[in-house]
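Close look at the chain arrangement
Chain by chain, the residues:
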Amino acid sequence: MADTRNIILELLGQLGSSREAREYLQRFSTVDSYQFAVVKVGGGVLADELEQLASALTFLRHVGLFPIVLHGAGPQLNKALEEAGVDSEVVDGMRVTTPEVMAVARPVIYEQNMRLTEALEAKGTTCRSLLHGVFEADYLSPGKYGLVGDVVRVHKDSLRSAVNAGALPIVACMGESRSGQVMNINADVAARALVLAVEPYKVIFLTPTGGLLDDKDRIISSINLSTDYDELMQQEWVHSGMRLKLVQIKYLLDQLPGSTSVSITSATGLTKELFTHTGAGTLIRKGEGFSSLTQLTEENQHEIAQLLPRCFDRELDPGYFDQLKLQRLIWSDSRRAAAVIANGHDAIPYMDKFAVTPTARGEGLATALWHQIRKIFPKLYWRAKLNNPINDWYHRQADISMRAGDWRVFSYGFSLEEMQPLAEDALGREESWLPLPEVEEGPDE
Ligand code: ARG
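Notes on the structure follow.

**A closer look at the packing of aromatic side chains**
Given two aromatic rings, their pairing is described by the distance between the two centres and the angle made by the two planes. Inspection of every chain in the model, using the stated rule, returns 20 aromatic pairs. Seen in terms of ring centroids, Trp-370 and Tyr-412 are 6.0 Å apart; in terms of plane orientation they differ by 75 degrees. Their pairing is edge-to-face. Of the two residues, Trp-370 sits in helix H16 (residues 365-376) while Tyr-412 sits in strand E21 (residues 407-412), which places them 42 residues apart along the sequence. As far as the burial class goes, Trp-370 and Tyr-412 line up, both buried. Relative to Tyr-412, the ring of Trp-382 lies with its centre 6.2 Å away and its plane at 65 degrees, an arrangement referred to as edge-to-face. A residue pair is termed long-range when its members are at least 10 positions apart, and Trp-382 in strand E19 (residues 380-385) and Tyr-412 in strand E21 qualify at 30 residues. By relative accessible area, Trp-382 is classed as buried at 1%. Above the ring of Tyr-229, the side-chain terminus of Lys-250 is found at 5.3 Å from the ring centroid. If you follow Arg-383 out to its NZ or CZ, it ends over the ring of Trp-407, 3.8 Å from the centre.

See below:
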């Protein structure tokens, strides 16, 4: 197993840096094995991406991770009901489950569960079908929804037992009452109950779209609920389905430890989402707040002096704070992201440092920090070394960017004429890092 793990880590490195992959693998392995992730798979994914799903899950199993898979069978059930000529109604998002509907639903759910376990087994991945015994249910409202169950208890033993035996638990959205009546459980209800009971490190929703989409149908890379939620809920383009998703995810995250995050991605994107900082899909975190200061205490200085080298891999000049004409410091509650805004030319705001630790980048803290900066400063300029990997991102945030020697100067909110003296000021600034140690030359060959 250790060998496979290494080979796979190599391969993962191809997706991003292997250091990134290792870091995430280590983090996912710190929790109890069965608490790594709950992956909710929609019936649509089972219909169209079964192979990709089985590969992605097999991959996780090979690196020693055991996601708990929960699947629905919505589209398959619709089709089966139609073919059987059974009328069924959906009320408040719940499928009213008469005994006739249940007679059709049960085999359909069994069949979808079996398709997934067979696809996994074909790849040599041991798994365990959990069609019963996980969700203990009670009638939600028998008069209104029939055999639809509300989850009253989640029996985690069967999940733990599967994982301890080296098998991936494949859970169906069905439950039974205390007296053994089988009940249909809405997939969202089941997911919520499962997540709250297991308290996994990651909550993953696999959908055909591969993430939440913005007004131009692009995938939103990350959402920091503490700073973005209210704003998002006010947007017109956030349609009712997405609104409901956001409300539900917020509700979930509010009850889970701060380290838990939700990823919405596709079966194909799953590996990249999990093992790189940038991911593939939408990452949603409870997130953290930001605060800002116009003056630094010695303790503040000490904290910043700790943060900057972690972000830039360089050592800060000890005289940095004496030279700094601080206009404002904006930083995140966890102190893993900060922007130092100084007085530039004519006291115009100059961004002296934009610092985000590597892991915080994956969490979307860079974007969240940028939103804070934009809120406070209608105009801003800054510079970056030509080879700085963040420059592509700066390009997208800036409306002017110009190259001079080893540097690039960026800005937003200024006209080209206004930029002239600002660019000169930016280029004339001292470096705030200690020089890199001289590299010793090897002997001539
Ligand atoms: N790999 C990390 C995780 O799974 C970060 C993912 C970042 N994803 C994103 N869509 N921004 O938690």
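Picking up where we left off.
**As for the packing of helix H4 (residues 50-62) against helix H6 (residues 99-122)**
At a minimum axis separation of 9 Å, H4 and H6 run at an interaxial angle of 55 degrees. Taken together, H4 and H6 sit at an angle that is classed as oblique. Here the hand of the crossing between H4 and H6 comes out right-handed. Contact residues: H4 offers Leu-50, Leu-53, Ala-54, Leu-57 and Thr-58, while H6 offers Arg-115, Leu-116, Ala-119 and Leu-120. Along the lines of polarity and charge, the residues of the contact of H4 with H6 split into seven nonpolar, one polar and one charged.

**A few points about the site of the ligand**
Around the ligand, a shell composed of 13 residues is seen, among which Lys-202, Glu-273, Leu-274, Thr-276 and Gly-281 lie nearest. Measuring from a nitrogen atom of the ligand, one finds a backbone N or O atom of Thr-276 at 2.8 Å. Burial of the ligand by the protein chains amounts to 95% of its free accessible area of 350 Å². For the shell around the ligand, the elements supplying multiple residues, two or more each, are helix H12 (270-275) and strand E14 (282-285).

**Brief notes about the sheet that holds strand E17 (residues 337-343)**
Strand order in the open sheet formed by seven strands is E15-E16-E17-E18-E19-E21-E20, and the pairing between neighbours is mixed. For this open sheet the edge positions go to strand E15 (290-293) and strand E20 (400-404), each flanked by a neighbour on one side alone. The mean inter-strand angle of the sheet, taken between neighbouring strand axes irrespective of direction, is 25 degrees. Here E17 pairs with strand E18 (residues 349-356) via seven bridges, running antiparallel. Directly across from Ala-337, in E18, lies its bridge partner Val-356.

**Here we look at unusual backbone geometry**
A positive phi angle, near 65 degrees, is found at Asp-217, a position not held by glycine. Not every positive phi belongs to a glycine, and Asp-313 is a case in point at roughly 60 degrees. With respect to the secondary-structure elements, Asp-313 resides in the loop between helix H13 (298-312) and helix H14 (320-323). The class of Asp-313 is exposed, set by a relative accessible area of 66%.

**Considering the pattern of salt bridges**
One pass over the full model with this rule turns up 13 salt bridges. For the salt bridge of Lys-353 with Asp-352, the shortest nitrogen-to-oxygen distance reads 3.4 Å. Close ionic contact of Glu-431 with Lys-385 constitutes a salt bridge, the shortest N to O distance being 3.0 Å. Of this pair, Glu-431 sits in the segment after helix H18 (416-427) while Lys-385 is found in strand E19, placing the two residues 46 residues apart along the sequence. Judged by relative accessible area, Lys-385 falls into the partly exposed class, the value being 29%.

**Some remarks on the sheet that holds strand E7 (residues 149-154)**
Spatial ordering of the open sheet is given by E7-E6-E9-E10, a layout of four strands whose pairing is mixed. Two strands in the sheet have a free side with no partner beyond their single neighbour: E7 and strand E10 (182-184). Direction aside, neighbouring strands of the sheet carry axes that sit 50 degrees apart on average. Here H6 sits on the sheet in contact with strand E9 (174-176) and E10, set at roughly 85 degrees to E10. Strand contacts of helix H9 (residues 187-198): strand E6 (135-139) and E7, with the helix running at about 15 degrees to E7, the strand carrying the most contacts.

**Topic: the environment of Glu-199**
For Glu-199, the position within the fold is in the loop between H9 and strand E11 (202-206). Spatially, the C-alpha atom of Glu-199 lies 8.9 Å from that of Phe-36, the residues being 163 residues apart in sequence. When near neighbours in sequence (up to four residues on either side) are disregarded, Glu-199 contacts Gln-35, Leu-256 and Pro-257.

**Description of the pairing of E17**
Judged by how many residues are buried, E17 sits mostly within the fold: six of seven residues are covered. Examined bridge by bridge, strand E16 (residues 326-332) and E17 share five bridges and lie antiparallel to one another. Residue pairing across strands places Ile-330 opposite Ala-339, the latter belonging to E17. Between the end of E16 and the start of E17, which pair antiparallel, lie four residues, with Arg-335 showing a positive phi angle near 65 degrees. In this structure, the hairpin formed by E17 and E18 is closed by a connection of five residues, where Asp-346 is found at a positive phi of approximately 55 degrees.

What counts as what
Residues numbered from 1 in each chain as written. Predicted model: local features only at pLDDT ≥ 70, side-chain atom pairs only at ≥ 80, totals over all residues. Heavy atoms only, no water. Phe/Tyr/Trp six-rings, centres within 6.5 Å; stacked < 30°, edge-to-face > 60°. Helix = DSSP H or I, 4+ residues; strand = E, 2+ residues; numbered from the N terminus. Buried < 20%, exposed > 50% of the residue type's maximum accessible area, 1.4 Å probe, protein only. Lys NZ or Arg CZ within 6 Å of the ring centre and 35° of its normal. Axes fitted to C-alpha atoms, helices over the stretch in contact; angles between N-to-C directions. Parallel < 35°, antiparallel > 145°, perpendicular 65-115°, else oblique. Left-handed = near helix turned anticlockwise from the far one by under 90°. Contact = heavy atoms within 4.5 Å. Nonpolar A, V, L, I, M, F, W, Y, C, P; charged D, E, K, R; others polar. Near = heavy atom within 4 Å. Polar contact = N/O pair within 3.5 Å; in protein donor to acceptor, adjacent residues only side chain to side chain. Areas by Shrake-Rupley, 256 points an atom, 1.4 Å probe, with all protein chains shown as cover. Pairing = 2+ DSSP bridges. Salt bridge = Lys/Arg side-chain N within 4 Å of Asp/Glu carboxyl O.

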